[in-house]
Amino acid sequence: MTLLGFVRQAARPRRLVLATGWAVAVLSVAVGFVTTPVGGLTDVVSNALQGVAAMSAASAGAVLVARVPRHPVGWILFTCGLVGAAGFGATGLAEYGVIVAPGRIPGVEWLVWISTWSWSPYLIPMVWLLPLLFPTGRLPSPRWRPVAIVIVLCIIAETVCNALSPFTRTGLPASVVNPIQVTGPGAGVLTIVNLIVLGCGIVTLPAVAWSVVMRYRRGSPLERQQLKWFVAALGWVVPPLLVGLFLTGTYSGILDLIATIAWQAVVLGLALLPLAIGIAVLRYRLYEIDRLISRTIAYGLLTLLLGSLFVAVILALQAL
């Protein structure tokens, strides 16, 4: 059944919300594809992955909301997809208005502003919040409620800080500034809040991973199969995310290349994660995950071996 078929099965108010939101996501991604300047193959791949990742979350979320409307995972995916699509479209329009046709798009600073903060409510819930609620839609136990509260507060705080901070994107003319940026002592407060959010993220990520392990150990055979789908997709996100965060800002030869590849792998994982969640929650071909995991491990080890060999050859040639 197609996505529209699932949406038609929902109640009328919910059907209107899903159809409108999904149409806005499609329009935003299309605008992003058309307006984003392309400098090479890397830009094409990056734009394609970002657009597919946003639409994957919006589409999987719409199907889950239509089929199981009381399941919070569907609503989280749908909201993240809308925010990601809006950020992608705003980024494309902003780059077009700044680089390709300066002065042609009114209010370009607001488009840059949207692209600056939209990644927070898109990425953080996907990596930090969903693992706590998957697959039942409830926390593993009431003791995990403080962790969930901290994560939600971090999402809000990081979004507000990015919305109020000066633009840090390179290539922006001096005339394009954040229309609501905070300066003076307030800027120092935002810096402190950012550091607190970063610390909370570092502390809570292992706790979130442990919650998945606990669910797997205590869950039923069906729940374990659902978790396998989730972990298989999340494995494409977390390791390259850590590599990208560690190497971003080095800007030196091979390290910059590795950081770029890592961030592309993160976006690819974000495109696969909603699909895995939808399959697991709807229990569609649930028991094919074991074969998929074995093949993924084999291909992953081969890719790691080839990548390590590539890095070693590049470093040896640079040394010579």
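Residues numbered from 1 in each chain as written. Predicted model: local features only at pLDDT ≥ 70, side-chain atom pairs only at ≥ 80, totals over all residues. Heavy atoms only, no water.

Undergrad: An account of the confidence of the model for the protein chain is requested, with residue identities and associated values reported.
TA: Per-residue pLDDT for the protein chain averages 80, and the proportion of residues at 70 or more is 81%. Here helix α1 (residues 3-8) stands out as the element of the protein chain with the lowest mean pLDDT, 55, in contrast to helix α7 (residues 145-164), whose mean of 92 is the highest. (pLDDT = per-residue confidence, 0-100. Helix = DSSP H or I, 4+ residues; strand = E, 2+ residues; numbered from the N terminus.)

Undergrad: With reference to specific residues and values, describe helix α6 (residues 120-133).
TA: Counted at 1.5 Å a residue, the expected span for α6 with its 14 residues is 20 Å, and the 19 Å between its end C-alpha atoms agrees. Its maximal kink placed at Met126, α6 deviates by approximately 45°. Counting buried positions over the 14 residues of α6 gives 14, a clear majority of the element. (Expected span 1.5 Å × (residues − 1). Bend = angle between axes of the 7 residues up to and from the residue. Buried < 20%, exposed > 50% of the residue type's maximum accessible area, 1.4 Å probe, protein only.)

Undergrad: Pulling in residues and values, what's your account of α7?
TA: For α7, built from 20 residues, the straight-helix expectation of 28 Å at 1.5 Å per residue is met to within 8% by its first-to-last C-alpha distance of 29 Å. What α7 keeps buried is the set Val147, Ala148, Ile151, Cys154, Ile155, Glu158, Thr159, Cys161, Asn162 and Ala163. Elements in contact with the buried residues of α7: α5 (108-117), α6 and α8 (185-218). (Contact = heavy atoms within 4.5 Å.)

Undergrad: Tell me what's going on with a nonpolar patch on the surface, and back it up with residues and numbers.
TA: A cluster of nonpolar side chains, Ile149, Val152, Leu153, Ile156 and Val160, forms an exposed patch at the surface whose accessible area comes to about 420 Å². Following the sequence through the fold, Ile149 ends up in helix α7. (Patch = residues over 30% accessible without salt bridge, like charges linked within 9 Å, V, L, I, M, F, W, Y side chains within 5 Å. Areas by Shrake-Rupley, 256 points an atom, 1.4 Å probe, with all protein chains shown as cover. Salt bridge = Lys/Arg side-chain N within 4 Å of Asp/Glu carboxyl O.)

Undergrad: How would you explain unusual backbone geometry if you had to name every residue and give the values?
TA: Across the junction of Phe134 and Pro135, the peptide omega takes the value 0°, indicating a cis bond. Summarising the element assignment, Pro135 is placed in the loop between α6 and α7.

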